[in-house]
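Given next are the chains, with one letter for each unit.
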Amino acid sequence: MERTPKKLLITGASGFLGWNVCLRGRAAWEVFGVFHDHGVAMDGVTILRGDLTNYAQATDLFLRVKPDAVFHLAAASGPNFCQMHPEVTRRINVDAAVHLAGLASDCRIPFVFTSTDLVFDGEAAPYTEEDPVSPVSVYGEQKARAETAILGRHPDAVICRMSLTFGKASPASESFLQPVVRALEGGREVRLFTDEYRTPLSARDAAQGLFLALEKSGSGVIHLGGRERISRFDFGEVVTRVLGRGRESLKGCRRLDIPMAAPRPRDVSLDSSRAFGLGFDPGQLREELEHVLAQ
Ligand SMILES: NC(=O)c1ccc[n+]([C@@H]2O[C@H](COP(=O)([O-])OP(=O)(O)OC[C@H]3O[C@@H](n4cnc5c(N)ncnc54)[C@H](OP(=O)(O)O)[C@@H]3O)[C@@H](O)[C@H]2O)c1
């Protein structure tokens with residue numbers, strides 16, 4: 001007899017990462033994806049609208065779906081926007097996350113939250129799950145506060161700290177890769193930092209890591225980063241090679257050269273050994289870029 005798939009609620013389904021997680025999840029789960037401002041459609045996924053900062057709407061949505069597990073990805077994900085609008089963004093990045101975690105806790109179902117490498121100040125990389133958080137931006141602070149408050153409300157929750165992620169765009173949101181590719185293909189100059197390091201991850205690997213974390217990691221924090229520590233500029237060089245283009249359009253610059261609202265940490269590379277030990281297996285950057293750019 002065929003088993004009925006379990007119900008998975010994925011918030012942020014219209015977003016870059018949520019879209020990619022829905023794509024992966026729909027094979028094994030009955031997926032309910034939540035958007036707010038940007039209506040999207042995906043075969044095999046039930047799409048629902050809701051403002052998660054409105055507790056009544058969030059609760060109603062949760063009770064209508066009656067999920068068996070929740071992936072909470074919805075967020076104000078732009079550090080500069082969060083820096084300029086700390087109050088508005090706190091409502092989605094902290095308050096809504098804790099509210100949803102509470103609903104999941106009351107129903108005794110798993111809750112997976114996407115946090116960020118930007119909870120660290122970038123002065124002592126690579127970071128393990130045991131390192132204390134030290135955010136330098138409002139976005140990083142909000143995510144760090146959400147992590148603690150979620151675990152306080154739902155001690156079995158899983159906090160996945162994601163590295164900078166690139167991949168296939170959703171119909172409503174792209175990763176940092178797409179503007180770089182457009183500029184290179186249009187022959188325009190691309191300025192990338194030579195003094196900012198991350199452990200970038202493709203969205204398909206991020207999705208693999210999130211499902212693995214749900215199934216195997218147990219409660220608490222887990223780091224999901226790529227295997228290679230690389231600067232933004234060197235990442236751009238790999239992109240030019242994959243596109244078969246010269247690197248003339250790439251211009252290296254330093255973080256201080258481009259004033260931005262949110263302070264940028266120097267090196268928030270993640271040590272993801274714990275996840276690797278559980279079977280998290282992100283591909284090499286070049287291969288992942290070839291896969292994304294072939295689409
Ligand atoms: N992308 C990365 O490199 C990266 C790295 C580290 C961590 N993360 C984390 O991963 C998660 C996903 O990031 P992303 O890059 O996919 O973000 P994104 O593309 O900006 O998507 C954000 C999502 O949140 C939804 N949302 C925002 N406010 C909402 C509200 N009030 N009610 C309901 N939904 C709301 C948006 O819905 P609408 O667009 O429909 O309004 C959208 O689906 C976030 O938690 C982010 O902090 C991302």
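Just above, that's the structure.
Because the structure is predicted, anything quoted here is derived from the model rather than measured.

Parameters and conventions
- Residues numbered from 1 in each chain as written.
- Predicted model: local features only at pLDDT ≥ 70, side-chain atom pairs only at ≥ 80, totals over all residues.
- Heavy atoms only, no water.
- Core = buried A, V, L, I, M, F, W, Y, C linked by side-chain atoms within 4.5 Å.
- Buried < 20%, exposed > 50% of the residue type's maximum accessible area, 1.4 Å probe, protein only.
- Helix = DSSP H or I, 4+ residues; strand = E, 2+ residues; numbered from the N terminus.
- Contact = heavy atoms within 4.5 Å.
- Expected span 1.5 Å × (residues − 1).
- Near = heavy atom within 4 Å.
- Polar contact = N/O pair within 3.5 Å; in protein donor to acceptor, adjacent residues only side chain to side chain.
- Areas by Shrake-Rupley, 256 points an atom, 1.4 Å probe, with all protein chains shown as cover.
- Nonpolar A, V, L, I, M, F, W, Y, C, P; charged D, E, K, R; others polar.
- Pairing = 2+ DSSP bridges.
- Axes fitted to C-alpha atoms, helices over the stretch in contact; angles between N-to-C directions.

**Student:** I tried to follow the nonpolar core on my own but got confused; where do I start?
**Tutor:** Where a protein is soluble and globular, its nonpolar side chains tend to be buried together. In this structure, Leu9, Leu52, Phe62, Phe111, Phe113 and Ile150 are the most contacted members of the largest nonpolar core, which totals 37 residues. Mapped by element, the contributors of at least two residues to this core are β2 (30-35), α2 (55-65), α4 (86-106), β5 (111-116) and α5 (138-153). With seven residues, the top contributor of residues to this core is α4. Ignoring anything within four residues of it in the chain, the contact list for Leu52 reads Thr11, Ala58, His72, Ala74, Ile92, Ala96 and Leu100. Core analysis: the second largest hydrophobic core is formed by 33 residues, Ile10, Trp29, Val158 and Ala213 among them.

**Student:** What's the story with helix α8 (residues 232-243) in this structure? I'm lost.
**Tutor:** An α-helical turn contains 3.6 residues, so any two residues separated by three or four positions project in the same direction. The end-to-end C-alpha distance of α8 is 17 Å, a good match for the 16 Å that twelve residues give at a rise of 1.5 Å each. Of all twelve residues that make up α8, nine are buried, and the element is covered over most of its length. Of all the residues in α8, the buried ones are Arg232, Phe233, Phe235, Gly236, Glu237, Val238, Val239, Thr240 and Val242. Immediately beyond the C-terminal end of α8, within one or two residues, lies Gly244, with a positive phi of roughly 70°.

**Student:** Is there a simple way to explain the site of the ligand in this structure?
**Tutor:** Not every one of the 29 residues close to the ligand is listed here, only the nearest: Leu17, His38, Ser77, Tyr139 and Ser173. Within the backbone of Leu17, an N or O atom sits 2.7 Å from an oxygen atom of the ligand. Note that an oxygen atom of the ligand is positioned 2.7 Å from one of the side-chain N or O atoms of Ser77. When the free accessible area of the ligand is taken as 900 Å², the share hidden by the protein chains comes to 88%. Broken down by secondary-structure element, the contributors of at least two residues to the shell around the ligand are α1 (16-25), β5 and α5. In terms of residue class, the shell around the ligand is made up of twelve nonpolar, 14 polar and three charged.

**Student:** For this particular structure, what's the right way to read the sheet that holds strand β6 (residues 158-162)?
**Tutor:** Strands pair in a sheet through their backbones, by hydrogen bonds, and they do so in one of two ways: parallel or antiparallel. The parallel open sheet is built from seven strands, whose spatial order is β3-β2-β1-β4-β5-β6-β11. The open sheet has two free edges, formed respectively by β3 (45-49) and β11 (220-224), since each of these has just one partner strand. Put simply, the sheet's adjacent strands are angled 20° from each other on average, direction ignored. Two elements, β6 and β11, share five bridges in a ladder whose sense is parallel. Its bridge partner being in β11, Met162 is matched across the sheet by Leu224.

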